[in-house]
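One-letter residues, chain by chain:
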Amino acid sequence: MEILPIKRALLSVTDKTGLPELAKFLQAQNVEIVSTGGTKKLLEQNQVKVVSVSEVTQFPEILNGRVKTLHPHVHAGILADKDNPDHVTTLNQLGIAFFDLICVNLYNFQQVVEQKLPLKQAIEQIDIGGPTLLRAGAKNFHSVCVLPHPKFYASFQEEYSKHQGISLAFRLQMAAFTFEQTSKYDQMIASYLQNFLGEA
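Attention here is on the structure that accompanies the text. (Residues numbered from 1 in each chain as written. Predicted model: local features only at pLDDT ≥ 70, side-chain atom pairs only at ≥ 80, totals over all residues. Heavy atoms only, no water.)

## A few points about the packing of helix α4 (residues 72–79) against helix α8 (residues 129–139)
Okay, step 1: In the contact formed by α4 and α8, the axes pass within 8 Å of each other and the chain directions differ by 30 degrees. It follows from the interaxial angle that α4 and α8 lie roughly parallel. Along the contact surface, α4 presents Val74, His75, Ile78 and Leu79, while α8 presents Thr132, Leu133, Ala136, Gly137 and Lys139. (Axes fitted to C-alpha atoms, helices over the stretch in contact; angles between N-to-C directions. Helix = DSSP H or I, 4+ residues; strand = E, 2+ residues; numbered from the N terminus. Parallel < 35°, antiparallel > 145°, perpendicular 65-115°, else oblique. Contact = heavy atoms within 4.5 Å.)

## Description of the pairing of strand β2 (residues 8–12)
Okay, step 1: In terms of residue burial, β2 counts as a mostly covered element, since five of its five residues are buried.
Okay, step 2: Here β2 shows two buried faces, one formed by Arg8, Leu10 and Ser12 and the other by Ala9 and Leu11.
Okay, step 3: Each parallel crossover has a hand, and the one from β2 via helix α1 (residues 19–28) to strand β3 (residues 32–35) is right-handed.
Okay, step 4: Two strands pair when backbone bridges link them, and β2 and strand β5 (residues 101–104) are joined in this way by four bridges, in the parallel orientation. Bridge assignment links alanine 9 to a residue of β5, and that residue is leucine 101. (Buried < 20%, exposed > 50% of the residue type's maximum accessible area, 1.4 Å probe, protein only. Right-handed = clockwise from strand over helix to strand, strands pointing away. Pairing = 2+ DSSP bridges.)

## Focus: the sheet that holds β5
Okay, step 1: Sheet architecture is open: five strands sit in the order β4-β3-β2-β5-β6, paired in parallel fashion. Because the sheet does not close on itself, it has two edges, and the strands there are β4 (51–52) and β6 (145–147).
Okay, step 2: Where β2 meets β3, four bridges bridge the pair, whose relative direction is parallel. Bridge pairing in β3 links leucine 11 to serine 35.
Okay, step 3: Its contacts with the sheet place α1 against β2, β3, β5 and β6, and it is angled at close to 170 degrees to β2.

## Examining the pairing of β3
Okay, step 1: Looking at chain direction, β3 and β4 are connected through two bridges and run parallel. Bridging across to β4, serine 35 finds its partner in serine 52.
Okay, step 2: Following the chain from β3 across helix α2 (residues 37–45) to the adjacent parallel β4, one finds a crossover that is right-handed.

## Quick notes on the pattern of salt bridges
Once their charged atoms are close, side chains differing in charge can pair, the charge on each being opposite to the other.
Okay, step 1: Under the defined criterion, the tally for this structure stands at five salt bridges.
Okay, step 2: Across the pair glutamate 32 and arginine 8 runs a salt bridge, and its minimum N-O distance is 3.3 Å. Placement of the pair is glutamate 32 in strand β3 and arginine 8 in strand β2, with a sequence separation of 24 residues.
Okay, step 3: Across the pair glutamate 124 and arginine 66 runs a salt bridge whose closest N-O atoms are separated by 2.4 Å. Linking glutamate 124 in the loop between α7 (119–122) and α8 with arginine 66 in the loop between α3 (53–57) and α4, this pair joins segments that are 58 residues apart in sequence.
Okay, step 4: Given a relative accessible area of 36%, glutamate 124 falls into the partly exposed group. (Salt bridge = Lys/Arg side-chain N within 4 Å of Asp/Glu carboxyl O.)

What follows is the structure, given as structure tokens:
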């Protein structure tokens, strides 16, 4: 798919810079917005209509927020290839809707390192759902646009306004940045945990 229409978006971010403006832009294009926790609260405070992830999954957030987006109704909607008739049929049979945009950024683990928190407390700041969403969206860039950092919000809006959708070239650029980012994130965590070897 060369130009991807954006009809449904998942927004779940730690860095909320520029997010209300992006969400209002999406809302003006009649994009359905799905969100979680603090992101959902911020958008609602800015008069943006939001669907809760729990409404999509029909399952509550559990384990103090450790599990909220890890669900087939989320990930099948991200990973399905829109050009594959079997994928389309499967989602239709299961009542799962496609996602077109995944706007996610990660917990700030560098801040955890700098704060020198106890290990048990620090690992609660290791993001699991975020990297999973990002990697799923990046893998499926032929069918999904992943938006991994606020610095890309303006160019995303320019792309959309120019094409009434998002070009394949832009989606590939975002996918490459995403995998680079998640790789660095995992390396930072690995280096941090290695400092505790012998103490466990």
